Amino acid sequence: MTSPALAPSAAVLAAFEGAKGFMPVHEGLALYAAAAGVAKELRLPLLEVGTYCGRSTLLLADAARAAGVTAVTVDHHRGSEEQQPGWEYHDESVVDPELGVMDTLPTFRRTLHRAGLEEHVLALVGRSPQAARVWGSPLGLVFVDGGHTDEHANGDYEGWAPHVAPGGLLVVHDVFPDPADGGQAPYRVYLRALASGAFTEVSVTDSLRVLRRTGSGI
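Residues numbered from 1 in each chain as written. Predicted model: local features only at pLDDT ≥ 70, side-chain atom pairs only at ≥ 80, totals over all residues. Heavy atoms only, no water.

Enquirer: I'm lost on the overall build of the protein chain in this one. Help?
Expert: Check the secondary structure of the protein chain and you find seven helices and seven strands. Written out in order from the N terminus, the α and β elements of the protein chain read α-α-β-α-β-α-β-α-β-α-β-α-β-β. Relative to its length of 218 residues, the protein chain is compact, with a C-alpha radius of gyration of 16 Å against a globular reference of 17 Å. A principal-axis box enclosing the C-alpha atoms of the protein chain has dimensions of 50 × 35 × 35 Å. When burial is assessed residue by residue, the protein chain has 48% of its 218 residues classed as buried. The contacts in the protein chain between residues at least 6 apart in sequence include a share of 71% that link residues at least 24 apart. Taken together, the 16 basic and 26 acidic charged side chains of the protein chain have centroids lying 7 Å from each other. (Helix = DSSP H or I, 4+ residues; strand = E, 2+ residues; numbered from the N terminus. Rg over C-alpha atoms; globule rule 2.2 N^0.38 Å. Buried < 20%, exposed > 50% of the residue type's maximum accessible area, 1.4 Å probe, protein only. Contact = heavy atoms within 4.5 Å. Lys, Arg positive; Asp, Glu negative; His and termini not counted. Charge placed at Lys NZ, Arg CZ, Asp CG, Glu CD.)

This is the structure:
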C-alpha cells in the first residue's frame, strides 16, 4: 500500500483518473511511490518513454515537483501500433483533422495545463532512440511505456537504461508473463534487465515492474 508520504495530492490523483490513458489507478500509485522515493534520494530527473496524453506524466510531474527535479517525457505523439486506425486502441478524438494522422500532443498539453504541472515537465517530441542518443546526463528513473513491439521495447531499453544512475530505478509497464494477457515485448525487456545483472527487482504491481540499478551495464 502506498504510504501517505509517497502518494500524489488529491488534485493530481483526480487529474490522473480523469486523463485519457490506460494505466490503472493502483499501478499509477505504485509508479508515483517509486518516482517520489527515488527523486528524494537521488535528486535526478525522472524520465518516461511513451507520453500518449499525459496520464502517467501527471504522476511523475507531481513527484518531480515535490523533490525539486524535472520530469521528462518522450513521445513522437503519432500513436503506437495498436492505436492506429482499425486497431483496438484507436481513438478518433486524437486524430489531427487536417492531416488525418494521430496527434496526441495537444491533448497532452491540455492535460498538463489543467493540472498546473507544465513548468515541471520537459516534453521531448520525437523518436525515443533519437532522443536517447543526444541525452547526456544521469537519470533517477526511466519508465519504459512506449511501443510494444520487440523493436521498440528493446530500442527504448538500449537507449535509456544506460542513463539510469547507480541506485536509480528502471520501471517497465505492461509486463505480462502469460501471452493471453498481453504482448510479450515488455516482458522480454524485463527479463533481459534482470538477466543483465545490472538491475534487481524492487516491486511488482500487476503489470508494473520496478527494478533498481545495482550493477553496471544493461
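We are not done yet, so read on.
Enquirer: Would you explain the environment of L112 in this entry?
Expert: Topologically, L112 is positioned in helix α4 (residues 105–115). Judged by relative accessible area, L112 falls into the buried class, the value being 5%. Along the backbone, L112 and L44 are 68 residues apart, and their C-alpha atoms lie at a distance of 21 Å. If near-sequence neighbours (up to four positions away) are discounted, L112 is found in contact with T57, L58, L117, E118 and V121.

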